[in-house]
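Chain residues, written in single-letter form:
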Number of protein chains: 2
Amino acid sequence: MKAIIPYSHQLLQEVIKPGDVAIDATCGNGNDALLLSKLVAENGRVFAFDIQQQAITRSREMLEQQNIKNVDLILDGHEHVQKYVHDTAVAGAIFNLGYLPKGDHSIVTTSDTTIEAIREISALLKKGGRIILVIYHGHPGGAEEKDNVLHFCQELNQKHYQVLQYQFINQVNQPPFIVAIEKLI
Amino acid sequence: MKAIIPYSHQLLQEVIKPGDVAIDATCGNGNDALLLSKLVAENGRVFAFDIQQQAITRSREMLEQQNIKNVDLILDGHEHVQKYVHDTAVAGAIFNLGYLPKGDHSIVTTSDTTIEAIREISALLKKGGRIILVIYHGHPGGAEEKDNVLHFCQELNQKHYQVLQYQFINQVNQPPFIVAIEKLI
């Protein structure tokens, strides 16, 4: 059975095609932005958000090394997505909720801004488009964010969105799990 | 995203090959036994259990019409699986927890016998083999069975088994969901 990260990538690969617009809502080290960049290809566009300069700098270096030119790195919170992405439909977006790996573990995503960002991006999704949440919740505050985000997702109108939870349930140490939102109409 | 029944079939198709042994733990109308029969092919064997004569009779008629000869229909509870299946490794098994569709809705699977059957079949699984539980839980007693089965599965040793929950979480009317157990070693 596919592990969490490969399955999150599969869910993106199934719906993001060349020429599409995609969003990395938590750019971090830029690995997901790189994946999205390849999926949307040279005529597509990726918007990648992070509130930490360290993440933007690291990602810029990595993407430049790979000669990637279709990613906009944005030093701002993902809750402000509509300041940067408008007049376009979004095929796919990914969030890694938690802290920046190899970064300051006290700087974490929080439910208010995460939910605001999900709400804004869900309104931008094209039919069949997906938001993938990879929810890390073992850190302080992680359980609260997980519960609030899950509650928000459970309340999404099933006529407009399908929401899948994909989780390994017999593992210790609160491993991450996936919540995937797909726009139906 | 794959709906529950197609995804349950995918999880079986990925691991059951010609010549294998498979188990339909809740035969019902025989549809899953038919799928398993095709996967194990003529040199394989399917053991299909049901406690209701009506289910066995219906399934026998359907399988005979399709000229299926590799399914043993067994009128007994799935908790007695080891009376019938031994000295062989099992590649895959499926349970539909709840009541027989178009049957007597007061006759339902219950957690004690379900868990006993999962325990017995998990011991028979080959490496990489899977038990797929499709958990219907909207009926009286369904919530209790669901909770007990989930608790049992969550306690399975992660060194020996991987347990995946696959569930749409924004739907009304308590739709079914999947718990998939894969033997790792």
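Here the structure is shown first, and the text comes after it.
Here is what the cut-offs are and how they apply
- Residues numbered from 1 in each chain as written.
- Chains lettered and ligands numbered in written order.
- Predicted model: local features only at pLDDT ≥ 70, side-chain atom pairs only at ≥ 80, totals over all residues.
- Heavy atoms only, no water.
- Helix = DSSP H or I, 4+ residues; strand = E, 2+ residues; numbered from the N terminus.
- Rg over C-alpha atoms; globule rule 2.2 N^0.38 Å.
- Buried < 20%, exposed > 50% of the residue type's maximum accessible area, 1.4 Å probe, protein only.
- Areas by Shrake-Rupley, 256 points an atom, 1.4 Å probe, with all protein chains shown as cover.
- Lys, Arg positive; Asp, Glu negative; His and termini not counted.
- Charge placed at Lys NZ, Arg CZ, Asp CG, Glu CD.
- Contact = heavy atoms within 4.5 Å.
- Polar contact = N/O pair within 3.5 Å; in protein donor to acceptor, adjacent residues only side chain to side chain.
- Pairing = 2+ DSSP bridges.
- Right-handed = clockwise from strand over helix to strand, strands pointing away.
- Axes fitted to C-alpha atoms, helices over the stretch in contact; angles between N-to-C directions.
- Parallel < 35°, antiparallel > 145°, perpendicular 65-115°, else oblique.
- Left-handed = near helix turned anticlockwise from the far one by under 90°.
- Nonpolar A, V, L, I, M, F, W, Y, C, P; charged D, E, K, R; others polar.
- Least-squares fit on C-alpha atoms with pLDDT ≥ 70 in both.
- Salt bridge = Lys/Arg side-chain N within 4 Å of Asp/Glu carboxyl O.
- Phe/Tyr/Trp six-rings, centres within 6.5 Å; stacked < 30°, edge-to-face > 60°.

J.: So what exactly am I meant to see when it comes to the overall build of chain A here?
T.: Along the backbone of chain A there are 6 helices and 7 strands. Shown N-terminal to C-terminal, the secondary structure of chain A runs as helices and strands in the order α-β-α-β-α-β-α-β-α-β-α-β-β. Here chain A has a C-alpha radius of gyration of 15 Å; the compact-globule value for 185 residues is 16 Å, and the two agree. Taken over 185 residues, chain A has a buried fraction of 57%. For chain A, the accessible area works out to roughly 8,400 Å², and carbon and sulfur atoms hold 49% of it. Taking the 16 positively charged and 21 negatively charged side chains of chain A as two groups, their mean positions are separated by 7 Å.

J.: Please clarify how the environment of Y84 of chain B should be interpreted in this entry.
T.: Residue and element names in this part refer to chain B. For Y84, the location among the structural elements is in helix α4 (residues 81-84). Separated by 37 residues in the primary sequence, Y84 and F47 have C-alpha atoms spaced 8.1 Å apart. Those residues in contact with Y84 that lie beyond four places of it in its chain are F47, F49, I74 and D76. A polar side-chain atom of Y84 sits 2.6 Å from a polar atom in the side chain of D76.

J.: It is not clear to me how the pairing of strand β5 (residues 125-135) of chain B should be interpreted in this structure. Could you clarify?
T.: It is a general feature of regular strands that their side chains alternate between the two faces of the sheet. All names here are of chain B. In terms of residue burial, β5 counts as a mostly covered element, since 8 of its 11 residues are buried. Bridge count between strand β4 (residues 90-97) and β5: 7 bridges; the pairing is parallel. From the neighbouring strand, L97 faces β5, where its bridge partner is I135. Regarding topology, helix α5 (residues 111-124) serves as the crossover connection from β4 to the parallel β5, and that connection is right-handed. Of the strand pairs in this sheet, β5 and strand β7 (residues 177-183) are connected by 6 bridges, and their pairing is antiparallel. Across the sheet, residue I132 finds its bridge partner in β7, namely A180.

J.: Just checking my understanding: could you explain unusual backbone geometry for this structure?
T.: Backbone geometry follows two general trends: most residues other than glycine have a negative phi, and most peptide bonds adopt the trans configuration. All names here are of chain B. Positioned with a positive phi, A41 is a non-glycine residue whose angle comes to about 60°. Among the secondary structure elements, A41 is positioned in the loop between α2 (31-40) and β2 (45-50). In this structure, D87 takes a positive phi of about 55° despite not being glycine. By secondary structure assignment, the location of D87 is in the loop between α4 and β4.

J.: Quick question: what am I supposed to make of the packing of α5 of chain B against helix α6 (residues 142-154) of chain B here?
T.: Packed helix pairs are characterised by how far apart their axes lie and by the angle those axes make with each other. Residues and elements named next belong to chain B. The N-to-C vectors of α5 and α6 enclose an angle of 25°; their axes lie 9 Å apart at closest approach. Taken as axis vectors, α5 and α6 run roughly parallel relative to one another. Considering the relative orientation of α5 and α6, their crossing is right-handed. Within the contact between the two elements, α5 uses S111, T114, I115, I118 and R119 and α6 uses E145, N148, V149 and F152.

J.: Looking at this model, I keep getting lost on the packing of helix α1 (residues 4-13) of chain A against helix α2 (residues 31-40) of chain A. Mind explaining?
T.: Residues and elements named next belong to chain A. For the pair α1 and α2, interaxial distance at closest approach is 11 Å and the crossing angle is 30°. Here α1 lies roughly parallel to α2, going by the angle between them. Crossing of α1 against α2: the hand is right-handed. Contacts between α1 and α2 pair H9, L12 and Q13 from the former with D32, L35, L36 and L39 from the latter. A class-by-class count of the residues in the contact of α1 with α2 yields 4 nonpolar, 2 polar and 1 charged.

J.: I tried to follow the relation of the copies chain A and chain B on my own but got confused; where do I start?
T.: A rotation about an axis combined with a shift along that same axis relates the two copies of the chain. Mapping chain A onto chain B is achieved by rotating through 180° and translating by 0.0 Å along the same axis, at an RMSD of 0.0 Å. On this basis, the relationship between the two copies can be described by a two-fold rotation axis. It is Y166 of chain A whose C-alpha, among those of chain A, lies nearest the rotation axis, at 2.4 Å.

J.: I'm lost on the pattern of salt bridges in this one. Help?
T.: Between side chains of opposite charge, a pair can form when the charged atoms approach closely. A full pass over the atoms with the stated rule returns 14 salt bridges over all chains. Notably, a salt bridge pairs D20 of chain A with K126 of chain A, separated by 2.9 Å at the nearest N-O pair. Linking D20 of chain A in the loop between α1 and β1 (21-24) with K126 of chain A in strand β5 (residues 125-135), this pair joins segments that are 106 residues apart in sequence. For D72 of chain B, the salt bridge goes to R45 of chain B, with nearest N and O atoms at 2.7 Å. Within this pair, whereas D72 of chain B is found in strand β3 (residues 71-75), its partner R45 of chain B is found in strand β2, the two being separated by 27 residues in sequence. In the salt-bridge network here, residues are joined through shared partners; they are E14, R130 and E182 of chain A.

J.: How should the packing of aromatic side chains be read in this particular structure?
T.: Where two aromatic rings form a pair, the distance of their centres and the angle of their planes describe that pair. A full pass over the atoms with the stated rule returns 7 aromatic pairs over all chains. When the ring of Y7 of chain A is compared with that of Y166 of chain A, the centres are 3.9 Å apart and the planes differ by 10°; the resulting orientation is stacked. Residue Y7 of chain A is located in helix α1, and its partner Y166 of chain A is located in strand β6 (residues 161-168); the two are separated by 159 residues in the primary sequence. Side by side, Y7 of chain A and Y166 of chain A carry an identical accessibility label, which is buried. Geometrically, the ring pair formed by Y166 of chain A and F168 of chain A is edge-to-face, given 5.8 Å between the ring centres and 85° between the ring planes. By relative accessible area, Y166 of chain A is classed as buried at 0%. For F168 of chain A, a relative accessible area of 7% gives the class buried. By way of ring pairs, the aromatic residues Y7, Y166 and F168 of chain A together with Y7, Y166 and F168 of chain B are connected into one cluster.

By themselves, these figures tell us nothing about what the structure is for.
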